[in-house]
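Examination of the molecular architecture
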Amino acid sequence: MTSPDPRELRAQGLDAQDPLAAFRERFVIDDPELIYLDGNSLGRLPRASRALADKLIEEQWGARLIRGWEEGWMFSPERIGAKIAALIGAQPDEVILADATSINLFKLVVAALRYQPGRSTLLTDNLNFPSDLYVLESAIKLLDAGHQLKVLPSPDGIHGPVDEIQAQLDERVALLTLSHTTFKSSYTYDLAALTAAAHAAGALVLWDLSHSAGAVPIELNAADVDLAVGCTYKYLCGGPGAPAFLYVRRDLQERLESPLQGWMGRADMFAFDLQYAAHAGIRRFLTGTPAVLSLAMIEPGVDLLLEAGIDALRAKSIAQTEFLIEAWEGSLRDLGFALHSPREPAWRGSHISLGHPKALGIDQALIHAMKVIPDFRAPDNIRLGIAPLYTRFSDLHETLSRLEKIIRDDLHAEYRQTTPTVT
Ligand SMILES: *Cc1c(COP(=O)(O)O)cnc(C)c1O
């Protein structure tokens, strides 16, 4: 008989004590052998969402037809937005669901730049999500008013350039915009401290919460944050392509103008007046008809997160990322892996990036030979995403064992040439 692996025993013990363990059963898990560590890219399907989808199609769309707009569809963007507000420390009327994150970012960036005449600098960093940078560039092009984008480089590719950001914040800066948790390294900024620093320089702040919402505590009101956007298909489990959210602090709502006026953001839209007049409050940031069906799918996941509580989710997420990092220190480091995430829990979100010169082959071997789904981010990062609602410590132990086996037995060799289109 082989003696039990101490890491496996530890994982089993931690799972047995996990106060959130029962939430896993609230998700559709058709293949119990598949280890899913990509909840930071696409969250699992809540069982309640599957039931809701049937109901929506048959009872609402099928039976109620156009009457559905009166019966809840029209205000579902703000009704479900209010629940997300509770997850991110905002008032219920400060968050609304609309469009994709990139599009919401565009609307809010243009609105913010127009609100700050005389200030021409946009500050961000090179850890930001590339789409965010594309959006900033297109906002600058559209405005054609001489704005300048400064993309401050991370000192090591892992940590945010905090000192550099502080040094650059002056009277020329119109807007500071960053990902709260960065998609590659998982570095998490001190949202309150940087918001205060930006405000001291008279700049507005816009946080992209896509990799934080539902996993990391966020207090937008307490930090007096101006603007935020975020995604609902990651930790929020809203489903592929689910509409994103946007936040505008209440006192700014009437002072900012959406650059994309449409009937859904108009006051009294059914007057069909040919002249636009913005709706009061957050609704002015809507443009066209909301995607009612995919919007509705966001609610069950948000309800699960609210029921679990963000502090319990964060405590488990930290315990799990620590578990991975301790295993990296214990064995993976000697197998050629580098830690591409901050070592200090306060400075990271809910995923861990491991660097390896053969990362893409290892990622493909995990997926195709080992039934583990992580993801890969160029050039050499394997991301292991922890969704505390359904990730078990034993999943992490198993993943680590399979990673060790892939390296020891050179199982990644045959995947070296693979170039998948979606990683
Ligand atoms: C996932 C993610 C997005 C997604 O943008 P979409 O326009 O909704 O596709 C945006 N920003 C960040 C930081 C992300 O992690």
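From a predicted model like this one, the values you see are computed outputs, not experimental measurements.

**Concerning the overall build of the protein**
- Helix and strand counts for the protein come out as 13 helices and 13 strands.
- Taking 22 Å as the expected radius of gyration for a compact globule of 423 residues, we find that the protein reaches 22 Å, a close match to that expectation.
- With the C-alpha coordinates aligned to their principal axes, the bounding extent of the protein is approximately 80 × 60 × 40 Å.
- Split into buried and exposed, the 423 residues of the protein put 55% on the buried side.
- Considering only contacts in the protein between residues 6 or more positions apart, those separated by 24 or more positions represent 73%.
- Accessible area of the protein: about 17800 Å², with a carbon and sulfur share of 55%.

**Some remarks on the packing of aromatic side chains**
- If you walk through the whole model with that rule in mind, you get ten aromatic pairs.
- Consider the rings of Phe27 and Tyr390, whose centres lie 4.8 Å apart with planes at 65°: the pair is edge-to-face. Of this pair, Phe27 sits in the loop between α1 (6–17) and β1 (35–36) while Tyr390 sits in the loop between β13 (381–385) and α13 (393–408), and the two are 363 residues apart along the sequence.
- Overall, the relative accessible area of 1% leaves Phe27 in the buried class.
- Members of the aromatic cluster, connected to one another through ring pairs, are Tyr187, Tyr189, Trp207 and Trp347.
- Note that Lys234 overlies the ring of Phe129, its terminal NZ or CZ placed 5.3 Å from the centroid.
- Positioned above the aromatic ring of Trp328 is the side chain of Arg333, whose terminal nitrogen or guanidinium carbon lies 4.5 Å from the ring centre.

**Description of the pairing of strand β4 (residues 148–152)**
- Direction of pairing for strand β3 (residues 121–125) relative to β4: parallel, over a ladder of five bridges. Note on β4: the bridge partner recorded for Thr124 is Val151.

**Thoughts on the pattern of salt bridges**
- Using the criterion set out here, one finds 28 salt bridges in the structure.
- Across the pair Arg348 and Glu322 runs a salt bridge, and its minimum N-O distance is 2.6 Å. Here Arg348, found in the loop between β9 (338–339) and β10 (351–355), pairs with Glu322, found in helix α11 (residues 310–332); they are 26 residues apart in sequence, far enough to count as distant.
- Residues joined in a network through salt bridges with shared partners are Asp224, Asp226, Arg249, Asp251 and Arg255.

**Let's talk about the confidence of the model for the protein**
- Across the protein, pLDDT averages 96, with 99% of residues at or above 70.
- Of all the helices and strands in the protein, strand β12 (residues 375–377) carries the lowest mean pLDDT, 88, while strand β7 (residues 227–230) carries the highest, 99.

**Describing the domain arrangement of the protein**
- Entries for the protein in the domain assignment read domain 1 (6–46 + 310–415) and domain 2 (50–306).
- Our count for the contact surface shared by domain 1 and domain 2 stands at zero salt bridges.
- Where domain 1 meets domain 2, there are 15 residue pairs in polar contact (both at pLDDT 80 or more).
- Of all the secondary structure elements, the ones that give two or more residues to the side of domain 1 that touches domain 2 are α11, β10 and β13.
- If one sorts the elements of the side of domain 1 that touches domain 2 by residue count, α11 sits on top with four residues.

How each quantity is defined
Residues numbered from 1 in each chain as written. Predicted model: local features only at pLDDT ≥ 70, side-chain atom pairs only at ≥ 80, totals over all residues. Heavy atoms only, no water. Helix = DSSP H or I, 4+ residues; strand = E, 2+ residues; numbered from the N terminus. Rg over C-alpha atoms; globule rule 2.2 N^0.38 Å. Buried < 20%, exposed > 50% of the residue type's maximum accessible area, 1.4 Å probe, protein only. Contact = heavy atoms within 4.5 Å. Areas by Shrake-Rupley, 256 points an atom, 1.4 Å probe, with all protein chains shown as cover. Phe/Tyr/Trp six-rings, centres within 6.5 Å; stacked < 30°, edge-to-face > 60°. Lys NZ or Arg CZ within 6 Å of the ring centre and 35° of its normal. Pairing = 2+ DSSP bridges. Salt bridge = Lys/Arg side-chain N within 4 Å of Asp/Glu carboxyl O. pLDDT = per-residue confidence, 0-100. Domains from an automatic or database assignment. Polar contact = N/O pair within 3.5 Å; in protein donor to acceptor, adjacent residues only side chain to side chain.

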